[in-house]
Amino acid sequence: MKESIIGDKSKDFALRIIKLYKFLTTRPDNKEFILSKQALRSGTNIGANVKEALRGQSKSDFRAKMNIALKEASETQ
């Protein structure tokens, strides 16, 4: 299977979200914020849904999974 630009970008985005989460939670006061945890979940789910979409069984399956990824991106924003 050939490389996917959106697959690569969603993976890079997930890695950046993980770095952001680590930055927010490794502060001197060592507090974890609800929004940082939610950003971690939704930001990393984008890549998971894109990966599933790229391996979809049909065009409608692909569209449905990409739509879920779009919703996760909106939530992360």
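Residues numbered from 1 in each chain as written. Predicted model: local features only at pLDDT ≥ 70, side-chain atom pairs only at ≥ 80, totals over all residues. Heavy atoms only, no water.

**Examining the nonpolar core**
In terms of nonpolar packing, the biggest core is built from five residues, these being Ile46, Val50, Ala53, Met66 and Ala69. Among the elements of the structure, helix 2 (34-54) and helix 3 (59-76) are those that each provide at least two residues to this core. At three residues, helix 2 tops the list of elements feeding residues into this core. Ignoring sequence-local partners within four residues, the contact set of Ala53 consists of Phe62, Lys65 and Met66. (Core = buried A, V, L, I, M, F, W, Y, C linked by side-chain atoms within 4.5 Å. Buried < 20%, exposed > 50% of the residue type's maximum accessible area, 1.4 Å probe, protein only. Helix = DSSP H or I, 4+ residues; strand = E, 2+ residues; numbered from the N terminus. Contact = heavy atoms within 4.5 Å.)

**Topic: the packing of helix 1 (residues 5-25) against helix 2**
Helix 2 packs onto helix 1 with a crossing angle of 165° between their chain directions and a minimal axis gap of 9 Å. Looking at the two axes, helix 1 sits roughly antiparallel to helix 2. Of the two elements, helix 1 crosses helix 2, and the hand of that crossing is left-handed. Only Ser36, Lys37, Ala39, Leu40, Gly43, Thr44, Ile46, Gly47, Val50 and Leu54 of helix 2 make contact with helix 1, whose side of the interface consists of Ile6, Gly7, Ser10, Phe13, Ala14, Ile17, Ile18, Tyr21, Leu24 and Thr25. The residue inventory of the contact of helix 1 with helix 2, partitioned by class, reads twelve nonpolar, seven polar and one charged. (Axes fitted to C-alpha atoms, helices over the stretch in contact; angles between N-to-C directions. Parallel < 35°, antiparallel > 145°, perpendicular 65-115°, else oblique. Left-handed = near helix turned anticlockwise from the far one by under 90°. Nonpolar A, V, L, I, M, F, W, Y, C, P; charged D, E, K, R; others polar.)

The values reported here are purely geometric and, on their own, carry no functional implication.
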